[in-house]
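Structural overview for review
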Amino acid sequence: MRTSEIHRRWLDFFATKQHEIVPSASLVSSDPSILFTIAGMVPFIPYIVGTEKAPYARAVSVQKCIRTNDIENVGRTTRHGTFFQMAGNFSFGDYFKKGAIDFSWELLTTPQDDGGLGFDPDSLWFTLWEEDEESYQHVTEVIGLDPSRVVQLPWEESCWDTGQPGPAGSTGEWHVDRGPEYGPDAPSGRVPEWPGSPDAEDRYIEIWNLVFDQFLRGPGAGKDYPLLGELDQKSIDTGLGVERVAYLLQGKQNMYEIDQVFPVIEKAQELSGRAYGADEEDSVRLRIVGDHVRSALMLVADGVRPSNEGRGYVLRRIIRRAVRSMRLLGYADPSMPHLLPISKDAMVESYPGLEADFGRISEIVYAEEEAFRRTLVTGTAIFDQFAGAVKKEGGRSLAGPDAFRLHDTYGFPIDLTLEMAQEVGLTVDEEGFRTAMSEQRERARADAASKKSGHTDTALYNQLLGERGEAVPFVGYTESTLSTTVESVLVDGALVDSVQAPADVELVLAATPFYAEMGGQLADQGRITLASGGIVEVDDVQAPVKGLPVHRGRLVEGEVHPGAGAVAAIDTARRGAIARAHTATHMVHQSLREELGDGATQAGSENSPGRMRFDFRYGQGVPRSALVQIEGRVNTLLQDELAVTDQQMPIDEARALGAQALFGEKYGDIVRVVSIGGDWSRELCGGTHVDSTGAIGTVQLMGEASIGSGVRRVDALVGLSAYRFQAQEHALVSQLSEMLKVGSAADLPERVKTMTQRMKDMEKQLAALRGQQLQAEAGKLASSATDVGGARLLVHDAGEGIAAGDLRTLALDLRTRLGEDSPSVVAVAGHEDGRAALVVATNAAARDLGLAAGTLLRTAAEAMGGRGGGKPDMAQGGGGEPARIPDALSAVRGAVAATLPA
């Protein structure tokens, strides 16, 4: 049975059981605590924990997932993959244990000809909590499963919880017995004599986990916590591994051999000439390629781009592991253009959108592979330096810190370092590498812990939202001042009955005109005046949980307590400046899309008073001419006084109208659509805006730059800030025009061009004079060469004001003057603008004796505190301190003497 057919049958089966079919959420999780959607239940967590009311009683999905915590096991086990599909069915206060067990048994055992999955009932095992008598009786007495194939486990081996006080429940897991050829028999009986659950061996494969969300758990660490009672609303969430079911039904040995993965492995075999199954290490590498190419395809399809942090780093690592594995298989040419289309063809039946989006996906992946290939070139050069230094000192092993530097700074994988070291007769201090890696991880953990300590535990805010039963109304679209009531007062993250000034406080109001920071728009500031005479200066507004804006500020007068009447007033000047920036952001976004194409999609923004920042996905730099067009387009539309309107509508209707959504943002069923000029620009947006574009005044683009692989950033000034900048620019141009004696600003570019050309001509003349002077000196210098171990060595410090190009010319001239009759080495140095430069040249006779210019140069550059490299006949470096040039030249002399002892 094809994997796409399993996908289809799953949805069809539960649709007949009155489940709402919910499309897969993005791989980019809307939960900020995790990078990716790691399980099918993640999109449903708010309904399970009760922070949001489920819009349906029953749901079913096939969720795309990414997990990388076991990435080192990919290719080495039957079931570890980075990308996988989790099929799930969910109940929110509807059916419970018996219903979930009945549905699962029916779908698993119904013959394939009748629409089921067709597993042999005698091959199925079930594990459950040892105290779950209800499930045990239902499985054994109603379903009729042989009790010898039911394994009861302690709570810690059969439970689920969120990791904090809240819902928790036991689980029931279906396993398939693959037969004695895959491992020993498991003992039977209700007492778990056998350590672990039946999927401990490859014989017993867990395929479906049923979670019974039944209890309210208390505080505690790990699995050591009390169960405080049963939940008012019990839930079911389940997860079936689509890939596991696929390889079992397709008669394959593991998930890498299924129809959605193995075609890539077949192509990799063809490219590399290595046979799958012939050699275990080659087979592991082929499985890594099959898995990682598919994962890269699906991640980029969901908007992730390679970068050096977060999700982008995970994608970059996955692509590089695939490319590296192909290299280790003996294929050094670009492989992704061959492999990625194969993966797309295998996945498109389940995910039709891949076909239309493949142009964008492939461009990103191919560019990342090419970048890594360049990294390999750079890393190889650095490796050569390290290896050369080790051999020069008579060593046999590359130091662990050097191997880690190759990995951490140059992106050079350790297994590639091991391979190359072996090729040149060296080993690698792997223990030292692991120590350096561990130290870095500890630093990262400490940094993450320090950052996390600044985050707020949302449990209390969830409690406050639950007690009020609905979101706090936001009236700031139409009101700037509001009479309201203080509902809650917090000090240092704890609820208080009252607090006296001065104090830092957090207030929850019954309703508010203050905008909480969201979607790139900075929070409002202002003042809350209490009926008792107290005053709170509001510095920030955040929503730690959706629907609960928390006003953070300073109680500067009086007292505040829950129930107090209050007047909340925002800083209208600040709000207006932010609103102008926000509307300008929408206009810049639309103008970018018009100029660069629909692929220039939003990746983030910040709207602050008088300034906007817009991040967008685009694979190359934006030409200055395009920025001029975009800025002109925006400012023209400002003069047209386009109306800015908003309306609430169902999200499907908004998408049908072409409204743009910020990737990765979570939207509800009803969304707010902000439109500019009717249908010119439409975006899903909860922020505040001006009523018409004319209110913005002017927009001044300050430039654009890369902020990561495939992501660009445009900065702009808006309104009065833009006017002030333009006024300063005008004053500067006037001043320059006066200084350069031009009649008008329009003549300024030509005058600057003339002056610049004159300076270039003078520099050429100076360079020619320096060259003549050096040529005149060369004859005298050649006679100063000394004999070192039978070779002629000439070292010379040319002093200050000597450019690197002149040094190179001098070195080549001196080498020519010394001739080819005997070994000759030339090392000349100089400095300009506080920067030292060094050139080393050797003739063929010297190179035959082992005197390579590149090796000598690296030795000298290290002594000078600089760096550089080159070929055996000519090498150039610099960057060190001019005062250390004598040390560099002495290092060259010492290296020659060490190579050619007298």
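Everything numeric in this text was worked out from a predicted model, so none of it was measured. (Residues numbered from 1 in each chain as written. Predicted model: local features only at pLDDT ≥ 70, side-chain atom pairs only at ≥ 80, totals over all residues. Heavy atoms only, no water.)

1. Some details on the nonpolar core
Trp10, Leu108, Leu117, Phe119, Trp174, Ile207 and Trp208 are the most contacted members of the largest nonpolar core, which has 109 residues in total. Element by element, the count of residues in this core is highest for helix H10 (residues 353–392), at 12 residues. Counting 32 residues, the second largest nonpolar core, distinct from the first, contains Val588, Phe614, Ile630 and Val644. (Core = buried A, V, L, I, M, F, W, Y, C linked by side-chain atoms within 4.5 Å. Buried < 20%, exposed > 50% of the residue type's maximum accessible area, 1.4 Å probe, protein only. Helix = DSSP H or I, 4+ residues; strand = E, 2+ residues; numbered from the N terminus.)

2. Topic: a negative patch on the surface
Side chains of Glu130, Glu131, Glu156 and Glu157 sit close together on the surface and give a patch of like negative charge. For Glu157, the location among the structural elements is in the loop between strand E5 (150–153) and strand E6 (159–161). (Patch = residues over 30% accessible without salt bridge, like charges linked within 9 Å, V, L, I, M, F, W, Y side chains within 5 Å. Areas by Shrake-Rupley, 256 points an atom, 1.4 Å probe, with all protein chains shown as cover. Salt bridge = Lys/Arg side-chain N within 4 Å of Asp/Glu carboxyl O. Lys, Arg positive; Asp, Glu negative; His and termini not counted. Charge placed at Lys NZ, Arg CZ, Asp CG, Glu CD.)

3. Overview of helix H1 (residues 3–15)
Quick reminder: α-helices carry 3.6 residues per turn. Residues three or four places apart thus point the same way. Look at H1: 19 Å from first C-alpha to last across 13 residues, which is about the 18 Å you get at 1.5 Å a residue. Here H1 has its buried residues at Thr3, Ser4, Ile6, His7, Arg9, Trp10, Leu11, Phe13 and Phe14. (Expected span 1.5 Å × (residues − 1).)

4. Focus on the sheet that holds strand E32 (residues 867–870)
The strand order across the open sheet formed by six strands is E28-E29-E30-E31-E33-E32, and the pairing between neighbours is mixed. A single partner strand is all that each edge strand has here, and the edge strands are strand E28 (786–788) and E32. Each strand of the sheet is rotated relative to its neighbour by a mean of 20°, with strand direction disregarded. Where strand E30 (residues 824–832) meets strand E31 (residues 835–842), eight bridges bridge the pair, whose relative direction is antiparallel. Across the sheet, residue Ala827 finds its bridge partner in E31, namely Val840. Its contacts with the sheet put helix H20 (residues 804–818) on strand E29 (791–800), E30, E31 and strand E33 (874–878), and the angle it makes with E30 is roughly 160°. (Pairing = 2+ DSSP bridges. Axes fitted to C-alpha atoms, helices over the stretch in contact; angles between N-to-C directions. Contact = heavy atoms within 4.5 Å.)

5. With respect to the pattern of salt bridges
Using the criterion set out here, one finds 38 salt bridges in the structure. For Arg287, the salt bridge identified is with Glu280, shortest N-O distance 3.2 Å. You can call Arg287 buried: its relative accessible area is 8%. The salt bridge partner of Asp357 is Arg360, with a shortest N-O separation of 2.7 Å.

6. Topic: the confidence of the model for the chain
Considering every residue of the chain, the mean pLDDT works out to 87; 94% of them sit at 70 or more. Contacts of residues 189–200 to residues separated by more than four positions or lying in other chains number 28 contacts, the stretch itself having pLDDT below 50. Note that pLDDT drops below 50 for residues 445–456; the model gives that stretch two contacts with residues more than four away or on any other chain. (pLDDT = per-residue confidence, 0-100.)

7. Examining helix H22 (residues 853–864)
An ideal rise of 1.5 Å per residue puts 16 Å on 12 residues; H22 measures up with 16 Å between its terminal C-alpha atoms. Those residues of H22 not exposed but buried are Ala853, Gly854, Leu856, Leu857, Thr859, Ala860, Ala861 and Met864. Against H10, E30, E31, E32, E33 and helix H23 (885–899) lie the buried residues of H22. One or two steps after H22, the chain reaches Gly865, where phi turns positive at roughly 85°.

8. Observations concerning the pairing of strand E21 (residues 601–608)
As paired strands, E21 and strand E22 (residues 611–617) are joined by seven bridges and run antiparallel to one another. Its bridge partner lying in E22, Ser608 is registered against Arg611. Hairpin geometry of E21 and E22 is characterised by an intervening segment of two residues between the two adjacent antiparallel strands and by a positive phi of about 80° at Gly610.

9. A short note on the pairing of strand E16 (residues 526–530)
Only one face of E16 is covered, namely the face carrying Gly526, Ile528 and Leu530; the face carrying Arg527 and Thr529 is uncovered. Pairing of E16 with strand E17 (residues 535–542), which is carried by four bridges, proceeds in the antiparallel orientation. Bridged to Arg527 within E17 is Glu537. Connecting the antiparallel pair E16 and E17 is a turn made up of four residues, with Gly533 showing a positive phi of about 105°. Two strands pair when backbone bridges link them, and E16 and strand E20 (residues 565–570) are joined in this way by five bridges, in the antiparallel orientation. By the bridge assignment for E20, Thr529 is matched with Val567.

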